[in-house]
Amino acid sequence: MSPQFRLGAPRWSLLGAIVLALTLGGVARGNTAGMTFVSAGVYAPLFTGPEDPDEIPVPSFFIDTQPVTNGDYLTFVQANPQWRRSQVSPIFADESYLKHWAGDLELGRLAPADSPIVHVSWFTARAYARWLGKRLPTTAEWERTAAVGYDGPDGKNDVELSGDIYRWFASPTLAVIPTANNARPNYLGVKGLFGYIWEWVADFSTSMVTGESRGDSGLDRDLFCSAGSVGAKETNDYAAFMRMALRSSLKANNNTSSLGFRCARDAD
Amino acid sequence: MKMPKKHLASTLCAALLGLTTGLTASAAGDAGPTTGRVELPPEIQAMPVVNAELTSPPYVPPAITRDHAARVIVNLEVTEVEGRMADGTTYTFWTYGSTVPGSFIRIREGDVVEFHLNNHPSSKLPHNIDLHAVTGAGGGAASSFTAPGHSSQFTFKALNPGLFVYHCATAPVPMHVSNGMYGLILVEPIGGLPPVDREYYVMQGDFYTQNNYGAPGLQTFDMAKSIDERPTYIVFNGSVGSLVGDNALTAEVGETVRLYFGVGGPNITSSFHVIGEIFDTIYPEAALANPQQNVQTTMVPAGGATVVDFKVDVPGTFILVDHSLSRAFNKGALGMLKVTGESDRVIYSGKEIDSVYLGAQSEAGTTAHKRENELQAKIAAEIKNNPTIANLTKEVQIERGKQVYMQLCFACHMPDGKGLPKVFPGLADSDYLLADNDRAIRVVVKGLTGPIKVNGENFNSAMPAQSQLSDEDVANVVTYILNEWGNDGGSVTVDDVRRVKSESN
């Protein structure tokens, strides 16, 4: 077991909780129910330049054990009329926002209450998270959560996990996304990271960079043809490439039929 | 130039994300520093506008008759759809125009093309297009990078005539291409190509599935096979038998036939050949200015194409193959051209020469194969309903299962099936084992970790999934342990194993 993935007892303290509350500007709403603690560790970005470190540290954090559902999101728009389908500004969500719902405050048959929410933009997902005193996870946090296997801290060689990931790509998109309640939890107890939806991350638009801009060569261009693997260390992690490609294809007001989110919050 | 909307939006996002302004052009997803609609000079704006007619394989749009350049509008839709890979076998293809290969695009040298790529809302992934006919970085890839449920537009001028491959260039590129994202665009030279009677569109591609060739049901992409370049299928036009039987290409004696043949790949080069024909004229590597005569087999690289013309002089079935023949015989790279009309026994006396290559894919083979399958199904049903044979089958399973057990399971569960107290649960007379046959299968194929109680004793340990075993091995070894050491637990079949394996958890 590599040390960075050792999952010890949560190390936050009462003091830490107070500090956390202070850093959130006194927001007392929300707690860590339905979340799991992920200890500090490292994340190895898929793309790095020659000057970049191979790994970047990731402080400990909490993350939702399940994606946000239609039911959760309905509560949000009930309390926040400005994020309803008919009210939202196109700057924040393009026209397919919540288009699978039957109405502004009505889910309908395509959006079961316990299924993951989709057709939400980065702005709307972020607003939801803030409403609960949470935030969206960073790419590093999300990837670190998803890097564990079903039965162990390293999912790299978990054939069942990769089988489940590729099976999702092999099946056509379902009109109704199933609930992730029954999904197999990973080693951290987190469900539905694969096989249901894609998920927004806070820093989605930096997907192809790690800090340095390479002259006039567009960041996205690194994705295309074999140029897509220049600078990438794990060229045989196709699933990671697909997540990177999806993130960098998006604009912050986009919504798609298979893109939802879950929330995170600082631990200490 | 006023600031394009797209740029504004991306600047806004970038600002909100705390990015430096140096990154904003890239965040917009466009190549180079410029984005937004191109301002075409008046003489180009004055050119006539035509909508490109796109065709599905094996058909080709009609030859271009206009003697001047035009502004051509191309609308291509990207979809992710389940389709037929072989009889009884399906695959989720990623497509341009819902076919593999994608729609055939036909334009003329000098045309200015306004290209729209529309990614269907049901797509899971972003896609783009790199047309080898484009002169410009990425061949359109960066400019056409499109999220699900969105559409992109870019413009290019067709500078060079030729037959060009187009393909998706989104990472991981080999997976996008091997899922079917390729097609051909013909840029006719000024003055056109010599007229022929029939034109067809054929592309070869390699596919990588986790199960073997011919395995039934929906197949899953296999990354390891793809990286090792070990295709399960190598086929023409997206599936085994796409150009066979009723779907064969057709022509009549005396006609000239032109094939636009390309290789999508992503990895395998083709030794393209038509059995029983000689290419009268061939444009090697689709270089339209340099035809050659009388060629038998032509090499077509992955991401390359060729144009071949030949006159059909005699009737018969002419077989299109990749003459690297294991691909034709074992992986599906085979098609047919059926020529009808008067025979000329001076040119050819009779008796087709192609049967040796056909295997189960010839028409006769298909019929015979179907018939054989029916008979096999009948035999299987008879066996199932005959208790004597069923018992014998079970005995065979037990014998085979014993071999698996004695190689693998005995180390922990012990040759006498009694296990080790407190560490490895016994199988002999085990209430846990005998209570649920499906659970027994599940433990073998998926492993079991955590506390269980067997015959009143608590165990808390881990058994790994025995993923190296075939479905048949699993059925046999489970049947063995259900019937050995005095156990009387019935039998399990390969179908049971597959059913358990396909459970979501």
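Residues numbered from 1 in each chain as written. Chains lettered and ligands numbered in written order. Predicted model: local features only at pLDDT ≥ 70, side-chain atom pairs only at ≥ 80, totals over all residues. Heavy atoms only, no water.

In this section: the overall build of chain B. Scanning chain B for helices and strands turns up 13 helices and 23 strands. Considering only contacts within chain B whose residues lie at least 6 apart along the sequence, 69% involve residues at least 24 apart. Summing over all exposed atoms, chain B offers an accessible surface of approximately 22900 Å²; the carbon and sulfur share of this is 53%. (Helix = DSSP H or I, 4+ residues; strand = E, 2+ residues; numbered from the N terminus. Contact = heavy atoms within 4.5 Å. Areas by Shrake-Rupley, 256 points an atom, 1.4 Å probe, with all protein chains shown as cover.)

Right, let's get into unusual backbone geometry. Residue and element names in this part refer to chain B. Backbone torsion omega between P57 and P58 reads 5 degrees, so that peptide bond is classified as cis. Within the secondary structure, P58 sits in the loop between β1 (49-51) and β2 (71-86). A cis amide bond, omega -5 degrees, links A171 with the succeeding residue P172. The residue P172 is located in the loop between β8 (162-167) and α4 (173-178) in this model. The phi angle at A286 is positive, at roughly 60 degrees, despite the residue not being glycine. Its identity is not glycine, yet W485 carries a phi of approximately 55 degrees, on the positive side. Mapped onto the elements of the fold, W485 is located in the loop between α12 (471-483) and α13 (494-501). A residue is classified by how much of its surface remains accessible, and W485, at 22% relative accessible area, is partly exposed. (Buried < 20%, exposed > 50% of the residue type's maximum accessible area, 1.4 Å probe, protein only.)

With that settled, consider helix α5 (residues 159-170) of chain A. The terminal C-alpha atoms of α5 of chain A lie 16 Å apart, and with twelve residues this matches the ideal 16 Å at 1.5 Å per residue to within 8%. For α5 of chain A, the full list of buried residues reads L161, G163, I165, Y166, W168, F169 and A170 of chain A. Along its buried surface, α5 of chain A packs onto β5 (198-199) and α6 (238-249) of chain A together with β3 (89-96), α4, β11 (217-219) and α5 (223-227) of chain B. Looking at where α5 of chain A begins, the residue whose side-chain oxygen comes 3.1 Å from the main-chain nitrogen of E160 of chain A is D158 of chain A. (Expected span 1.5 Å × (residues − 1). Polar contact = N/O pair within 3.5 Å; in protein donor to acceptor, adjacent residues only side chain to side chain.)

Next up on the list: the nonpolar core. Residues Y73 and F261 of chain A together with F115 of chain B are the most contacted members of the largest nonpolar core, which totals 146 residues. The dominant element in this core, judged by the number of residues it contributes, is α6 of chain A, at seven residues. Among residues more than four places away in sequence, those in contact with F115 of chain B are V74, L76, I105, I129, L131, S152, Q153, F154 and F156 of chain B. (Core = buried A, V, L, I, M, F, W, Y, C linked by side-chain atoms within 4.5 Å.)

Two pairing modes exist for strands in a sheet, parallel and antiparallel, and in both the strands are linked by backbone hydrogen bonds. Residue and element names in this part refer to chain A. Read from one edge of the open sheet, three strands run β1-β4-β7, paired in antiparallel fashion. Whereas interior strands pair on both sides, the edge strands pair on one side only; in this sheet they are β1 (35-38) and β7 (264-266). Pairwise comparison of adjacent strand axes, ignoring direction, gives a mean angle of 25 degrees for this sheet. Here β1 runs beside strand β4 (residues 61-64); their pairing, made up of four bridges, is antiparallel. Bridge assignment links T36 to a residue of β4, and that residue is I63. Against the sheet, helix α4 (residues 139-146) engages β1, β4 and β7, with an angle of about 70 degrees to β4. (Pairing = 2+ DSSP bridges. Axes fitted to C-alpha atoms, helices over the stretch in contact; angles between N-to-C directions.)

The next thing to look at is the packing of aromatic side chains. Residue and element names in this part refer to chain B. Taken as a whole and judged by the stated rule, the model has 38 aromatic pairs over all chains. On the basis of an interplanar angle of 55 degrees and a centroid distance of 5.4 Å, the ring pair of F104 and Y260 is categorised as tilted. On the criterion of sequence distance, the pair formed by F104 in the loop between β3 and β4 (105-108) and Y260 in strand β14 (residues 256-265) is long-range, its members being 156 residues apart. Pair check on accessibility: F104 and Y260 agree, each one buried. Ring geometry for F115 against F154: centres 5.4 Å apart, planes inclined by 25 degrees, an arrangement best described as stacked. Pair noted here: F115 is in strand β5 (residues 112-119) and F154 is in strand β7 (residues 151-157), with a separation of 39 residues, a long-range link. (Phe/Tyr/Trp six-rings, centres within 6.5 Å; stacked < 30°, edge-to-face > 60°.)

For the rest of this paragraph, the subject is the pairing of strand β16 (residues 279-283) of chain B. Residue and element names in this part refer to chain B. The element β16 is extensively covered by neighbouring structure, given that four of its five residues are classed as buried. As judged from the three bridges shared by β16 and strand β17 (residues 292-295), these two strands associate in the antiparallel manner. Residue T281 lies in a different strand from β17, and its bridge partner there is Q293. Pairing analysis gives three bridges linking β16 to strand β19 (residues 304-311), with the strands arranged antiparallel. Within the sheet, the bridge partner assigned to I282 lies in β19 and is V308.

Residues and elements named next belong to chain A. Within the secondary structure, I165 is located in helix α5. The buried category is assigned to I165, whose relative accessible area is 10%. Non-local contacts of I165, meaning those with residues more than four positions away in its chain, are made with F194 and A239.

Our next topic: the confidence of the model for chain A. Residues and elements named next belong to chain A. Residues of chain A with pLDDT of at least 70 account for 76%, and the chain-wide mean is 81. Every residue in residues 1-30 scores below 50 in pLDDT, and together they form 34 contacts with partners more than four places removed in sequence or on other chains. Below pLDDT 50 for its whole length, residues 209-223 participates in 39 contacts with residues either more than four positions away or in separate chains. (pLDDT = per-residue confidence, 0-100.)

Residues and elements named next belong to chain B. On the basis of which strands lie adjacent, the open sheet formed by six strands has the order β12-β10-β14-β19-β16-β17 and mixed pairing. What marks the edges here is a single partner per strand, and that holds for β12 (233-236) and β17. Here the average twist between neighbouring strands, direction ignored, is 25 degrees.

Now for the pattern of salt bridges. The tally for this structure, following the rule as stated, stands at 27 salt bridges over all chains. Residue E199 of chain A pairs with R262 of chain A through a salt bridge whose shortest N-O separation is 2.8 Å. Here E199 of chain A is found in strand β5, whereas its partner R262 of chain A is found in the loop between β6 (259-260) and β7, with 63 residues between them in sequence. Note on accessibility: E199 of chain A and R262 of chain A belong to one class, buried. R327 of chain B is paired through a salt bridge with D322 of chain B; the nearest N and O atoms lie 2.8 Å apart. Given a relative accessible area of 0%, D322 of chain B falls into the buried group. Taken together, the shared-partner salt bridges in this structure form one network comprising R106, E188, E199, R258 and D309 of chain B. (Salt bridge = Lys/Arg side-chain N within 4 Å of Asp/Glu carboxyl O.)

Right, let's get into the confidence of the model for chain B. Residues and elements named next belong to chain B. Mean pLDDT over chain B: 87, with 89% of residues reaching 70 or higher. Contacts for the low-pLDDT stretch residues 1-33, under 50 throughout, to residues beyond four places or in other chains number 45 contacts. Across the assembled chains, the prediction reports ipTM 0.74 with pTM 0.69.

So, about the environment of G245 of chain B. Residue and element names in this part refer to chain B. Here G245 shows up in the loop between β12 and β13 (249-252). Taking relative accessible area as the criterion, G245 reaches 12% and is therefore assigned buried. Residues G245 and G335, 90 residues apart in the sequence, show an inter-C-alpha distance of 9.2 Å.

Turning to the packing of α4 of chain A against α6 of chain A, a few remarks are in order. Residues and elements named next belong to chain A. With their axes 13 Å apart at the nearest point, α4 and α6 run at an angle of 155 degrees to one another. The angle between α4 and α6 places the two elements in the roughly antiparallel class. Relative to α6, the crossing made by α4 is right-handed. Of the residues in α6, those in contact with T139, W142 and E143 of α4 are R243, M244 and R247. Classifying every residue of the contact of α4 with α6 by side-chain character gives two nonpolar, one polar and three charged. (Parallel < 35°, antiparallel > 145°, perpendicular 65-115°, else oblique. Left-handed = near helix turned anticlockwise from the far one by under 90°. Nonpolar A, V, L, I, M, F, W, Y, C, P; charged D, E, K, R; others polar.)

This part is about α12 of chain B. All names here are of chain B. In this model, α12 (13 residues) spans 19 Å end to end at C-alpha, consistent with the 18 Å of a helix rising 1.5 Å per residue. Where burial is concerned, most of α12 is hidden: eleven out of the 13 residues are buried. Turning to α12, its buried residues are D471, V474, A475, N476, V477, V478, T479, Y480, I481, L482 and N483. One or two residues past the end of α12 sits W485, with phi positive at roughly 55 degrees.

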